[in-house]
Amino acid sequence: MPVSKRLRRSTHAFLALLAIVLVVPVSPARGASISLEVRADEPARPISTELFGIFFEDLNYAADGGLYAELLQNRSFEYSATEQAAWGPLSFWDLVRTGEGDGHVGLGNSRPVHVNNPHYLLLHVTKAGAGVGVANRGFDQLPLEAGRAYEASFFAYQAYMGVMWGPGDQTKAMPVTLRLEARDGSVLAEARFEISGRTWTKHTATLTPTRSEPEARFVLLAHEPGGVALDMVSLFPRDTFKGRANGLRRDLAQAIADLKPRFIRFPGGCLVHGTGVRAYYDWKHTVGPLEQRVAARNSWGYHQTMGLGYFEYFQFCEDIGAAPVPVVTAGVCCQHAGHSPGRGQEGLPLAEMPGYIQDILDLIEWANGPATSKWGAVRAAAGRPEPFGLKYLGVGNEDAITPEFRERFAMIEAVLRKKHPEIVVIGTSGPFASGEDFDNGWAFARELKLAMVDEHYYVTPQWFWDNLARYDTYDRAGPKVYVGEYAAHEKDRRNTLRSAIAEAAYLTSLERNGDVVRLSSYAPLLARRGHTQWHPDMIYFDATRVFPSLNYTVQQLFGHHAGDAWVATRLADAPAGVKLAASTVRDSASGDLIVKIVNGEPAALPLAIRLAGAGRLPATAQHIVFGAADAEAVNVDGAPPVVAPRSGTLPVSENFHYEAPAHSLTILRISGR
Ligand code: AHR
């Protein structure tokens, strides 16, 4: 445990201990008030301004079929049975024969569009009829909106005209049609092309459907006997988030932006380990022209196109004002790799470590180097000459702290410390809140004098109430903390109000300890209905709708009401064990004082609030309450939130009474102007 034996009896530890609550469910005696004292007259403690961020991991179809706005599934014909046994390069594509047309499809690999993208589809038309081609229905469904522009594109070359190995006029062009079709086969939008020549050529068109259709088909038809090679067949809505080409689904990205996250950790989690020691998530495979990226099996058992790659992640961070926190492996694979739970960790051969470390240095150059540098030029070629300003780098994720891990991590860390002392390297402390890997991870981090350590815990709501004091005694002189993955897990893994309120209580303890806890992120972030591998998640979605959870609302409220200094906040006279937590922060930009009160009890709690030394107080404060009597409340997809924050005003003075409602988070925002 990273608890300093040398902990000085500092004032803040003393205040923190006063703010802790014990945990036996007892209600206050009728009429008696619990005292909540906010000491604005005492020195405020500066806290992290990046405390609340997000962790994006590509699981639950979070990227392809999720945040990444590509509408077609298996656009590059790289699906494989290693991802799902029933999948292959032609999965999710159907042969279409219209009129009297006839033909078939095949799989090509002899003349790929790029060596990184080995497979392509060969469309053979033996009898043109009204057209022979292929169709794609997207991820479960392909929803189209009337009047909305969609950018279609594909790479193609003409393989032959007429009969393969037989007669045909090879000087002719192959006429091709792209269509968006409704379920009844009617055409909603169409574009025509001519394919000639043996060079892969990109073709594009903007298609605007005349009517909305929830389950459309994207159809590509050839109209003469002959053969055409096709790859990177794609359809994007034009109005992606911020209008970015190759961009993100607007509604999902907006839901994320609405959290006001101060940073984004990506691309995982377990995902960064990949599937084996050399099959880790390689950032270099995810940048550059789309057709040159290296698609891969996602370690969660599906396909990742890498269309949402490092450039897109960094760009999204910038678009929403969040700091990028990429994570790379520590030169070892997951201890559960190779179908060997707990025994699968392997290290890259030491001879390969210098090359691997160079890849990490290249990442920093790609992100921060001038456009004239080798990797800065790759970034610039993607349209971003200015550096991104990377300052954090996660190394490792929940690794078993073995000699193999230590050796490789230390090699990486030593080079980064020497060549990039400006980068904050974030170490790892295993998958749990305590235990062997946790202790060893922290001891190792202290030994290396790491700047920050990533902690993960998925635990019960009660655990959060029981551990409000966790960080009060952490050594302020040691590595700082990133609570990189956490969530309150009910037995049945539902996103109940109880879980959200327990997290809210915990977040007040992170605010109180925002001097040592610098970053935190709920996990996981996104989950597509029908492809959810992990519960609970913060935001669920389907092809057209976004379903934020109650846990989302808590994150959003903290994101919107964060501060940069913690103001001494003391609870007293609370019956032992009452589930009550509070914190106060000052936002120096607005001057506002923000008091948060979390009641985890099934009854309202009467509070006598004292705002000491807060100066001239306004007559009222902004008053936000998020809560309900039913701790079991859960949002239902498509229905209005079962519990939503209510906002109004509340009279405030130096001393006033307040009843914190059952199962609630209250925010009192007292204007400093
Ligand atoms: O968040 C889901 C998974 O939980 C992450 O990939 C991993 O780091 C943790 O075990």
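Everything numeric here is computed off the predicted structure, so don't read it as measured data.

Focus on the environment of Tyr471
Relative to the helices and strands, Tyr471 resides in the loop between α8 (461-466) and β21 (480-488). On a C-alpha basis, the gap between Tyr471 and Leu510 in space is 7.6 Å, while along the polypeptide they are 39 residues apart. Those residues in contact with Tyr471 that lie beyond four places of it in its chain are Glu455, Tyr457, Arg476, Val481, Val483, Tyr506, Leu510, Asn513, Val516 and Val517. At 2.5 Å, the side chain of Tyr471 and the side chain of Glu455 are in polar contact.

Details of the site of the ligand
Residues in contact with the ligand, as listed here, are Phe55, Glu57, Gly269, Cys270, Trp300, Asn397, Glu398, His456, Tyr458, Glu485, Pro524 and Trp534. Between the ligand and the protein, one listed contact pairs an oxygen atom with a side-chain N or O atom of Glu57 at 2.5 Å. When the ligand sits alone it has 280 Å² of accessible area, and the protein chains cover 94% of it. Taken together, the residues of the shell around the ligand sort by class into six nonpolar, three polar and three charged.

Side note on the pattern of salt bridges
By the definition in use, this model includes 46 salt bridges. Measuring nitrogen to oxygen at the nearest pair gives 2.5 Å for the salt bridge that ties Asp239 to Arg250. On the criterion of sequence distance, the pair formed by Asp239 in the loop between β13 (226-237) and α2 (250-257) and Arg250 in helix α2 is long-range, its members being 11 residues apart. Note on Asp239: relative accessible area 26%, which makes it partly exposed. By relative accessible area, Arg250 is classed as partly exposed at 40%. Across the pair Asp319 and Arg244 runs a salt bridge, and its minimum N-O distance is 2.8 Å. You can see Asp319 sitting in helix α3 (residues 310-319) and its partner Arg244 sitting in the loop between β13 and α2, a full 75 residues away along the chain. Salt bridges sharing partners connect three or more residues here, namely Glu37, Arg39, Asp41, Glu42, Arg570, Arg610 and Glu654.

Describing the nonpolar core
Among the nonpolar cores identified, the biggest contains 120 residues, and Phe56, Leu67, Tyr310, Trp366, Tyr457, Tyr471 and Leu526 are the most heavily contacted of them. Not counting residues up to four positions away in its chain, the partners in contact with Phe56 are Ala62, Ala63, Leu67, Ile264, Arg265, Phe266, Pro267, Gly268, Leu308, Tyr313, Leu525 and Leu526. Within the second largest apolar cluster, 37 residues are counted, among which are Leu121, Ala191, Ala216 and Leu230.

Side note on the environment of Glu213
Positionally, Glu213 belongs in the loop between β11 (201-207) and β12 (217-222). Glu213 sits in the buried class, given a relative accessible area of 6%. In this structure the C-alpha to C-alpha distance between Glu213 and Arg183, which are 30 residues apart in sequence, comes to 7.7 Å. Those residues within four positions of Glu213 in sequence are excluded, and the remaining contacts are Leu142, Pro143, Leu144, Glu181, Ala182, Arg183 and Leu188. Within the local environment of Glu213, its side chain forms a polar contact with the backbone nitrogen of Glu215, the two atoms lying 3.0 Å apart.

Some words on unusual backbone geometry
Between Phe266 and Pro267 the backbone carries a cis peptide bond, its omega angle lying at -5°. The omega torsion of the bond from Gly268 to Gly269 falls at 25°, within 30 degrees of zero and hence cis. One non-glycine residue with positive phi stands out, namely Asp140, at about 70°. Secondary-structure assignment places Asp140 in the loop between β7 (131-136) and β8 (150-161). The backbone of His663 sits at a positive phi, close to 40°, despite the residue not being glycine. Turning to its location among the elements, His663 is positioned in the loop between β32 (655-660) and β33 (664-670). Classification of His663 as buried rests on a relative accessible area of 8%.

Considering the sheet that holds strand β24 (residues 539-541)
In space, the three strands of this open sheet follow the order β23-β24-β25, with mixed pairing throughout. Every interior strand has two partners, whereas the edge strands, β23 (526-528) and β25 (546-548), have only one. Geometrically, the sheet is characterised by an average inter-axis angle of 25° between neighbouring strands, direction not taken into account. Pairing geometry for β23 and β24, over three bridges, is parallel. Each bridged residue has a counterpart across the sheet, and for Arg528 the counterpart in β24 is Phe541. Across the sheet, α2 is in contact with β23, β24 and β25; its angle to β24 comes to roughly 170°.

Examining the packing of aromatic side chains
Two numbers describe a pair of aromatic rings. These are the distance of the centres and the angle of the planes. Taken as a whole and judged by the stated rule, the model has 45 aromatic pairs. Seen from their ring centres, Phe154 and Phe193 are 5.1 Å apart, and the 85° between their planes marks the pair as edge-to-face. Here the residue Phe154 occupies a position in strand β8, and Phe193 occupies one in strand β10 (residues 187-195), the gap between them amounting to 39 residues. With relative accessibility at 0%, the residue Phe154 sits in the buried group. With a centroid separation of 5.4 Å and an interplanar angle of 85°, the aromatic rings of Phe263 and Tyr482 are classed as edge-to-face. Separated by 219 residues along the polypeptide, Phe263 in strand β14 (residues 263-266) and Tyr482 in strand β21 bring together distant segments of the chain. You can call Tyr482 buried: its relative accessible area is 1%. In textbook terms, an aromatic cluster arises when at least three aromatic residues are bridged by ring pairs, as seen for Phe56, Phe266, Tyr281, Trp283, Tyr310, Phe311, Tyr313, Phe314, Trp366, Trp375 and Phe388.

Points about helix α4 (residues 353-368)
The terminal C-alpha atoms of α4, which comprises 16 residues, lie 23 Å apart, in line with the 22 Å expected from a rise of 1.5 Å per residue. Turning to α4, its buried residues are Met353, Tyr356, Ile357, Asp359, Ile360, Leu361, Asp362, Leu363, Ile364, Trp366 and Ala367. Among the structural elements, α3, β17 (323-328), α5 (374-381), β18 (392-395) and α6 (403-419) are those in contact with the buried residues of α4.

Considering the confidence of the model for the protein chain
Per-residue pLDDT for the protein chain averages 95, and the proportion of residues at 70 or more is 95%. Note that pLDDT drops below 50 for residues 1-30; the model gives that stretch 60 contacts with residues more than four away or on any other chain.

A closer look at the packing of α4 against α6
Running from N to C, α4 and α6 point in directions that differ by 40°, and their axes come no closer than 10 Å. The angle between the axes of α4 and α6 places the two elements in the oblique class. In the crossing of α4 with α6, the sense of the turn from one axis to the other is right-handed. Packed against α4, whose contacting residues are Met353, Tyr356, Ile357, Ile360, Leu361 and Ile364, the element α6 presents Arg408, Met411, Ile412, Val415, Leu416 and Lys419 at the interface. Counted by class, the contact of α4 with α6 contains 10 nonpolar, no polar and two charged residues.

Basis of the calculations
- Residues numbered from 1 in each chain as written.
- Predicted model: local features only at pLDDT ≥ 70, side-chain atom pairs only at ≥ 80, totals over all residues.
- Heavy atoms only, no water.
- Helix = DSSP H or I, 4+ residues; strand = E, 2+ residues; numbered from the N terminus.
- Contact = heavy atoms within 4.5 Å.
- Polar contact = N/O pair within 3.5 Å; in protein donor to acceptor, adjacent residues only side chain to side chain.
- Near = heavy atom within 4 Å.
- Areas by Shrake-Rupley, 256 points an atom, 1.4 Å probe, with all protein chains shown as cover.
- Nonpolar A, V, L, I, M, F, W, Y, C, P; charged D, E, K, R; others polar.
- Salt bridge = Lys/Arg side-chain N within 4 Å of Asp/Glu carboxyl O.
- Buried < 20%, exposed > 50% of the residue type's maximum accessible area, 1.4 Å probe, protein only.
- Core = buried A, V, L, I, M, F, W, Y, C linked by side-chain atoms within 4.5 Å.
- Pairing = 2+ DSSP bridges.
- Axes fitted to C-alpha atoms, helices over the stretch in contact; angles between N-to-C directions.
- Phe/Tyr/Trp six-rings, centres within 6.5 Å; stacked < 30°, edge-to-face > 60°.
- Expected span 1.5 Å × (residues − 1).
- pLDDT = per-residue confidence, 0-100.
- Parallel < 35°, antiparallel > 145°, perpendicular 65-115°, else oblique.
- Left-handed = near helix turned anticlockwise from the far one by under 90°.

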